[in-house]
Amino acid sequence: MLEDTEQDNEAIPLQFDEKTLQRVVEFLKHENDVEKLPEIPRPVPTERLTDCVPQWFANFMNLPSLEEVYDIIAAANYMEIPSLVELGCAKVGSMMKHKTIPELRKMFNIDNDFTPEEERTILEGRADIW
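Definitions and cut-offs
- Residues numbered from 1 in each chain as written.
- Predicted model: local features only at pLDDT ≥ 70, side-chain atom pairs only at ≥ 80, totals over all residues.
- Heavy atoms only, no water.
- Salt bridge = Lys/Arg side-chain N within 4 Å of Asp/Glu carboxyl O.
- Helix = DSSP H or I, 4+ residues; strand = E, 2+ residues; numbered from the N terminus.
- Axes fitted to C-alpha atoms, helices over the stretch in contact; angles between N-to-C directions.
- Parallel < 35°, antiparallel > 145°, perpendicular 65-115°, else oblique.
- Left-handed = near helix turned anticlockwise from the far one by under 90°.
- Contact = heavy atoms within 4.5 Å.
- Nonpolar A, V, L, I, M, F, W, Y, C, P; charged D, E, K, R; others polar.
- Buried < 20%, exposed > 50% of the residue type's maximum accessible area, 1.4 Å probe, protein only.
- Phe/Tyr/Trp six-rings, centres within 6.5 Å; stacked < 30°, edge-to-face > 60°.

Colleague: I'm lost on the pattern of salt bridges in this one. Help?
Modeller: Close approach of charged atoms allows side chains of opposite charge to pair. According to the stated counting rule, one finds six salt bridges in the structure shown. The residue Glu26 makes a salt bridge to Arg23 at a minimum N-O spacing of 3.5 Å. Taken as a pair, Glu26 and Arg23 lie in helix α1 (residues 18-33) at a separation of three residues, close to a single helical turn. Shared partners join several salt bridges into a network, and the residues in it are Glu47, Arg48 and Asp51.

Now the structure itself:
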């Protein structure tokens, strides 16, 4: 982005709000000054993020809403910060652990567009209807 600017003081448009930017800067400072994010196992082993990352990183991703987690992931992706993208995705993965299909639909606001027969077929492991 900086290479594409014509002047040193030219504004760079961001795709996220100030609060998200502050969180990203907090992450970068911690990762640069205190500790690097270790490799995160895939898939995440449990619903507790602390089982696969140090406590600070788990606390950092302990956000009030899934939407805020998405904002962090999107900002990290936009700014090309792969470790923060990984951490955000691990948070989402840990939130999905041990959830039922109806719980996941609710969590991600997904409408069920299957007929009862299609859903029964899929759940029985016969996905040959596609």
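Colleague: Is there a simple way to explain the packing of α1 against helix α3 (residues 66-78) in this structure?
Modeller: Between two packed helices, what matters for the description is the angle formed by their axes and the separation of those axes. The N-to-C vectors of α1 and α3 enclose an angle of 65 degrees; their axes lie 10 Å apart at closest approach. One way to sum up the angle between α1 and α3 is to call them roughly perpendicular. Crossing of α1 over α3 shows right-handed handedness. Contact with α1, carried on its side by Lys19, Thr20, Arg23 and Val24, involves Glu68, Asp71, Ile72 and Ala75 of α3 and no other residues of that element. Residue composition of the contact of α1 with α3, grouped by class: three nonpolar, one polar and four charged.

Colleague: Just checking my understanding: could you explain unusual backbone geometry for this structure?
Modeller: Outside of glycine, negative phi angles account for most residues, and trans bonds account for most peptide bonds. A cis amide bond links Arg42 to the next residue, Pro43, at an omega of -5 degrees. The topology assignment puts Pro43 in the loop between α1 and α2 (55-60). One non-glycine residue, Glu80, lies in positive phi territory at about 55 degrees. Using a relative accessible area of 68% as the deciding quantity, one classes Glu80 as exposed.

Colleague: Hey, could you run me through the packing of aromatic side chains in this one?
Modeller: Each aromatic ring pair is characterised by the separation of its centres together with the angle its planes make. Scanning the model with the defined rule gives five aromatic pairs in all. Here Trp56 and Phe57 contribute two aromatic rings whose centre-to-centre distance is 5.2 Å and whose plane-to-plane angle is 85 degrees, an arrangement assigned as edge-to-face. Classification of Phe57 by relative accessible area gives buried; the value is 0%. Geometrically, the ring pair formed by Trp56 and Phe60 is stacked, given 5.2 Å between the ring centres and 20 degrees between the ring planes. On the criterion of helical spacing, the pair formed by Trp56 and Phe60 is a turn pair, its members being four residues apart in helix α2. Classification of Trp56 as partly exposed rests on a relative accessible area of 25%.

Colleague: Just checking my understanding: could you explain the packing of α3 against helix α4 (residues 82-96) for this structure?
Modeller: Two numbers describe how α3 lies on α4: the axes approach to 8 Å, and their chain directions differ by 155 degrees. In terms of orientation, α3 and α4 fall into the roughly antiparallel class. Once α3 is placed against α4, the crossing between them reads as left-handed. Across the interface between the two elements, Leu66, Val69, Tyr70, Ile72, Ile73, Ala76 and Asn77 of α3 pack against Leu84, Val85, Gly88, Cys89, Lys91, Val92 and Met95 of α4. Of the residues assigned to the contact of α3 with α4, the class counts are 11 nonpolar, two polar and one charged.

Colleague: Quick question: what am I supposed to make of the environment of Val53 here?
Modeller: With respect to the helices, strands and loops of the structure, Val53 is situated in the loop between α1 and α2. We classify Val53 as buried; its relative accessible area is 5%. Between the C-alpha atom of Val53 and that of Glu39, which follows or precedes it by 14 residues, the distance is 8.2 Å.

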